[in-house]
Amino acid sequence: QVQLVESGGGLVQPGGSLRLSCDASAFTLNKYTIAWFRQAPGKEREGVSCISSGDGTAYYADSVKGRFTISRDNAKNTVYLQMNSLKPEDTAVYRCATVPSYYCGYRWHAPSEYDHWGRGTRVTVSS
(Lines give C-alpha, C1' and ligand atoms only; values in the text may rest on other atoms or scores of the structure.)
Protein backbone atom coordinates (compact mmCIF):
# COMPACT_ATOMS: atom_id res chain seq x y z
CA GLN A 1 0.00 0.00 0.00
CA VAL A 2 1.39 3.35 -1.04
CA GLN A 3 2.16 5.47 1.98
CA LEU A 4 3.53 8.99 2.31
CA VAL A 5 4.60 10.44 5.64
CA GLU A 6 5.54 14.07 6.09
CA SER A 7 7.75 15.46 8.84
CA GLY A 8 9.75 18.55 9.69
CA GLY A 9 7.02 21.03 10.44
CA GLY A 10 6.95 23.25 13.49
CA LEU A 11 6.94 26.78 14.80
CA VAL A 12 9.45 29.21 13.30
CA GLN A 13 9.91 32.97 13.39
CA PRO A 14 9.48 35.08 10.28
CA GLY A 15 12.63 34.94 8.20
CA GLY A 16 13.49 31.49 9.50
CA SER A 17 13.87 28.18 7.70
CA LEU A 18 12.46 24.68 7.85
CA ARG A 19 13.04 21.54 5.84
CA LEU A 20 10.09 19.26 5.28
CA SER A 21 10.50 15.61 4.37
CA CYS A 22 8.12 13.29 2.57
CA ASP A 23 9.03 9.64 3.12
CA ALA A 24 7.55 7.12 0.73
CA SER A 25 6.97 3.45 1.39
CA ALA A 26 5.61 0.49 -0.55
CA PHE A 27 6.57 1.98 -3.91
CA THR A 28 9.64 3.15 -5.76
CA LEU A 29 9.72 6.90 -5.61
CA ASN A 30 11.87 7.37 -8.69
CA LYS A 31 8.94 6.38 -10.90
CA TYR A 32 6.58 8.91 -9.38
CA THR A 33 6.17 12.62 -9.61
CA ILE A 34 5.86 14.27 -6.19
CA ALA A 35 4.28 17.58 -5.26
CA TRP A 36 3.86 19.61 -2.11
CA PHE A 37 0.58 21.31 -1.30
CA ARG A 38 -0.47 23.46 1.59
CA GLN A 39 -3.74 24.53 3.10
CA ALA A 40 -4.22 27.36 5.52
CA PRO A 41 -7.37 27.68 7.65
CA GLY A 42 -10.26 28.96 5.57
CA LYS A 43 -8.31 28.76 2.32
CA GLU A 44 -8.20 26.35 -0.58
CA ARG A 45 -5.44 23.82 -1.00
CA GLU A 46 -2.56 25.40 -2.88
CA GLY A 47 0.07 23.70 -5.00
CA VAL A 48 3.48 24.79 -3.70
CA SER A 49 5.99 22.81 -5.72
CA CYS A 50 6.40 19.76 -7.90
CA ILE A 51 9.39 17.69 -8.98
CA SER A 52 9.36 15.38 -11.97
CA SER A 53 10.65 11.85 -11.62
CA GLY A 54 11.93 11.76 -15.18
CA ASP A 55 14.41 14.62 -15.26
CA GLY A 56 14.07 16.25 -11.85
CA THR A 57 12.56 19.43 -13.25
CA ALA A 58 11.04 21.51 -10.48
CA TYR A 59 8.08 23.86 -10.53
CA TYR A 60 7.05 26.42 -7.94
CA ALA A 61 4.09 28.59 -7.10
CA ASP A 62 4.84 32.27 -7.59
CA SER A 63 4.27 32.84 -3.88
CA VAL A 64 7.27 30.67 -2.93
CA LYS A 65 9.58 31.05 -5.93
CA GLY A 66 13.08 32.00 -4.84
CA ARG A 67 12.44 30.96 -1.22
CA PHE A 68 11.53 27.26 -1.42
CA THR A 69 13.50 24.45 -3.01
CA ILE A 70 12.21 20.97 -3.73
CA SER A 71 14.57 18.04 -4.09
CA ARG A 72 14.48 14.28 -4.06
CA ASP A 73 16.76 11.51 -2.84
CA ASN A 74 15.66 8.40 -4.67
CA ALA A 75 18.05 6.22 -2.69
CA LYS A 76 16.27 7.24 0.50
CA ASN A 77 12.84 7.31 -1.16
CA THR A 78 12.39 10.82 0.19
CA VAL A 79 11.44 14.22 -1.18
CA TYR A 80 12.37 17.41 0.61
CA LEU A 81 11.03 20.93 0.68
CA GLN A 82 13.57 23.45 1.92
CA MET A 83 11.76 26.59 3.02
CA ASN A 84 13.75 29.75 3.60
CA SER A 85 12.76 33.34 4.39
CA LEU A 86 9.50 32.12 5.81
CA LYS A 87 6.61 34.52 6.13
CA PRO A 88 3.48 34.42 8.32
CA GLU A 89 1.44 33.75 5.17
CA ASP A 90 3.34 30.47 4.75
CA THR A 91 1.53 29.13 7.80
CA ALA A 92 -0.41 26.04 6.75
CA VAL A 93 -0.59 22.26 6.85
CA TYR A 94 1.80 20.95 4.22
CA ARG A 95 1.09 17.67 2.47
CA CYS A 96 2.95 15.73 -0.17
CA ALA A 97 1.17 13.92 -2.96
CA THR A 98 2.21 11.58 -5.71
CA VAL A 99 1.14 10.32 -9.09
CA PRO A 100 2.75 7.59 -11.26
CA SER A 101 4.02 9.97 -13.90
CA TYR A 102 7.43 11.00 -15.18
CA TYR A 103 6.56 14.67 -15.43
CA CYS A 104 4.71 17.26 -13.38
CA GLY A 105 2.65 18.52 -16.29
CA TYR A 106 1.02 21.88 -16.77
CA ARG A 107 -1.67 21.04 -14.16
CA TRP A 108 0.83 20.09 -11.46
CA HIS A 109 -0.81 22.53 -9.05
CA ALA A 110 -4.23 20.85 -9.24
CA PRO A 111 -4.95 18.46 -6.33
CA SER A 112 -7.10 16.29 -8.60
CA GLU A 113 -3.98 15.24 -10.55
CA TYR A 114 -2.66 13.19 -7.59
CA ASP A 115 -3.87 9.91 -6.25
CA HIS A 116 -1.96 9.39 -3.02
CA TRP A 117 -1.54 11.85 -0.20
CA GLY A 118 0.22 12.08 3.10
CA ARG A 119 -1.53 13.29 6.23
CA GLY A 120 0.46 16.48 6.49
CA THR A 121 2.78 18.39 8.78
CA ARG A 122 1.91 21.75 10.30
CA VAL A 123 4.05 24.82 9.72
CA THR A 124 3.48 27.92 11.80
CA VAL A 125 5.38 31.12 11.08
CA SER A 126 4.94 33.57 13.90
CA SER A 127 6.91 35.83 16.19
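Parameters and conventions
Residues numbered from 1 in each chain as written. Predicted model: local features only at pLDDT ≥ 70, side-chain atom pairs only at ≥ 80, totals over all residues. Heavy atoms only, no water. Helix = DSSP H or I, 4+ residues; strand = E, 2+ residues; numbered from the N terminus. Buried < 20%, exposed > 50% of the residue type's maximum accessible area, 1.4 Å probe, protein only. Polar contact = N/O pair within 3.5 Å; in protein donor to acceptor, adjacent residues only side chain to side chain. Contact = heavy atoms within 4.5 Å. Phe/Tyr/Trp six-rings, centres within 6.5 Å; stacked < 30°, edge-to-face > 60°. Pairing = 2+ DSSP bridges.

Student: Please provide a residue-by-residue account of the side chain of Thr78, values included.
Tutor: Looking at the secondary structure, you find Thr78 in strand S8 (residues 78-83). Overall, the relative accessible area of 3% leaves Thr78 in the buried class. A polar side-chain atom of Thr78 sits 2.6 Å from a polar atom in the side chain of Asp23. If we skip the residues at most four places from it in the chain, Thr78 touches Ser21, Cys22, Asp23, Leu29, Ser71, Arg72 and Asp73.

Student: Residues and numbers for the packing of aromatic side chains, please.
Tutor: To describe a pair of aromatic rings, one takes the distance between the centres and the angle between the planes. Under the criterion given, the structure shown has three aromatic pairs. Ring geometry for Phe37 against Tyr114: centres 5.4 Å apart, planes inclined by 75°, an arrangement best described as edge-to-face. Remark: Tyr114 occurs in the loop between strand S9 (92-99) and strand S10 (116-117) and Phe37 occurs in strand S4 (residues 33-39); sequence separation between them is 77 residues. For the pair Phe37 and Tyr114, one class covers both residues: buried. On the basis of an interplanar angle of 55° and a centroid distance of 4.9 Å, the ring pair of Phe37 and Trp117 is categorised as tilted.

Student: I'd love a proper account of the pairing of S9, names of residues and values included.
Tutor: Of all eight residues in S9, six are buried; the element is thus mostly enclosed. For S4 and S9, the ladder comprises seven bridges, and the chain directions are antiparallel. Directly across from Trp36, in S9, lies its bridge partner Cys96. Where S9 lies against strand S11 (residues 121-125), three bridges are found, and the strand directions are antiparallel. Bridging across to S11, Tyr94 finds its partner in Thr121. Relative to S10, S9 is paired through two bridges, and the arrangement is antiparallel. What sits directly across from Ala97, in S10, is Trp117.

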